[in-house]
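# Summary of structural features
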Amino acid sequence: MILSRRSILAGAAALGAGGLAVTALSLLRGGGQTQPEVAGEDVLHDTDGPVQGNPDGDVTIVEYFDYQCPYCKANHPALRDIVDRDGNLRLVMKDWPIFGAASVKASQLALGAVELGLYQAAHDALMATEGRLSNALIEETLDAAGVDPDAVAQAYQENRARWDGFMKRNAQQAAAFGLQGTPAFIVGTRIYAGALDHRALSTAVAQARATQGG
């Protein structure tokens with residue numbers, strides 16, 4: 001979903017000298033458009049970020065997402081199918097809650113679920129919701145998925161510095177890339193702004209493997 005640049009960048013800190021490198025003359029806009037190459041272990045291998053799929057996979061897929069973004073939700077089944085079928089993909093989800101307090105709450109509880117080994121259950125359940133979120137809907141959704149909302153809230157609070165730092169870095173990276181909304185993907189070392197359907201994701205993975213000689 002496209003937002004105004006001002007609304008996204010408000011409150012996002014600029015990356016320092018030790019931050020992410022973007023190697024391109026310009027950023028291309030639009031759904032599924034290939035973006036500039038990126039370098040940075042802080043993006044692909046953030047030690048705090050939850051990893052799904054194959055942790056040792058030969059290609060990494062990163063998604064910047066919001067639990068209230070309809071395009072993120074619509075895209076999620078294709079993303080999950082490709083990761084599950086391939087078996088050799090690392091999936092890194094970058095919480096970028098830009099649609100308000102409910103988005104922040106959803107990310108906080110989902111990240112708290114990491115501590116309990118329930119991240120994927122929480123994440124998939126929240127991605128399957130429809131429409132706008134409320135605190136009540138978030139908690140009901142998690143509870144129905146077998147994730148205790150109170151337990152994950154406590155886990156988040158106990159590690160709040162870790163998870164708030166993770167979300168802050170995600171916002172900084174998105175600002176450095178000039179992203180204008182969710183979803184946005186990195187497949188291998190290339191950025192794709194906007195939703196990618198099953199075919200586009202498969203093509204991006206194949207291109208990443210070809211580029212790295214895999």
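Check the entry above for the structure.
Summary of the structure given here. Keep in mind that this is a model prediction, so the values were computed, not measured.

Two faces make up the sheet, and in a regular strand the side chains alternate between them. A large share of strand S4 (residues 59–65) lies buried, amounting to seven of its seven residues. Along S4, one buried face is formed by Val-59, Ile-61, Glu-63 and Phe-65 and the opposite face, lined by Thr-60, Val-62 and Tyr-64, is buried too. In terms of strand pairing, S4 meets strand S5 (residues 89–95) through seven bridges, oriented parallel. Looking across to S5, one finds that Tyr-64 is bridged to Lys-94. Bridge analysis of S4 against strand S6 (residues 184–187) gives four bridges, and the strand direction is antiparallel. Residue Ile-61 lies in a different strand from S6, and its bridge partner there is Val-187.

Judged by side-chain charge, Glu-139, Glu-140, Asp-143, Asp-148 and Asp-150 come together as a negatively charged surface patch. If you tally residues by element for the negative patch, the top one is helix H6 (residues 135–144), at three residues. Of note, Asp-143 is situated in helix H6. Classification of Asp-143 by relative accessible area gives exposed; the value is 53%.

We now examine the packing of aromatic side chains. Scanning all chains against the criterion turns up four aromatic pairs. Residues Tyr-64 and Phe-177 carry aromatic rings whose centres are separated by 6.3 Å and whose planes lie at 80° to one another, so their mutual orientation is edge-to-face. In this pair, Tyr-64 is assigned in strand S4 and Phe-177 in helix H8 (residues 160–177), connecting sequence segments 113 residues apart. In this structure Tyr-64 comes out as buried when scored by relative accessible area, which is 1%. The interplanar angle of 80° and the centroid separation of 6.2 Å between the aromatic rings of Trp-163 and Phe-166 together place this pair among those described as edge-to-face. Taken together, the residues span about one helical turn, with Trp-163 and Phe-166 both in helix H8 at a distance of three residues. Note on Trp-163: relative accessible area 0%, which makes it buried. These aromatic residues form a ring-pair network of at least three members: Tyr-64, Trp-96 and Phe-177.

Cut-off values and rules
Residues numbered from 1 in each chain as written. Predicted model: local features only at pLDDT ≥ 70, side-chain atom pairs only at ≥ 80, totals over all residues. Heavy atoms only, no water. Buried < 20%, exposed > 50% of the residue type's maximum accessible area, 1.4 Å probe, protein only. Helix = DSSP H or I, 4+ residues; strand = E, 2+ residues; numbered from the N terminus. Pairing = 2+ DSSP bridges. Patch = residues over 30% accessible without salt bridge, like charges linked within 9 Å, V, L, I, M, F, W, Y side chains within 5 Å. Areas by Shrake-Rupley, 256 points an atom, 1.4 Å probe, with all protein chains shown as cover. Salt bridge = Lys/Arg side-chain N within 4 Å of Asp/Glu carboxyl O. Lys, Arg positive; Asp, Glu negative; His and termini not counted. Charge placed at Lys NZ, Arg CZ, Asp CG, Glu CD. Phe/Tyr/Trp six-rings, centres within 6.5 Å; stacked < 30°, edge-to-face > 60°.

All quantities given are derived from atomic positions and should not be read as evidence of function.
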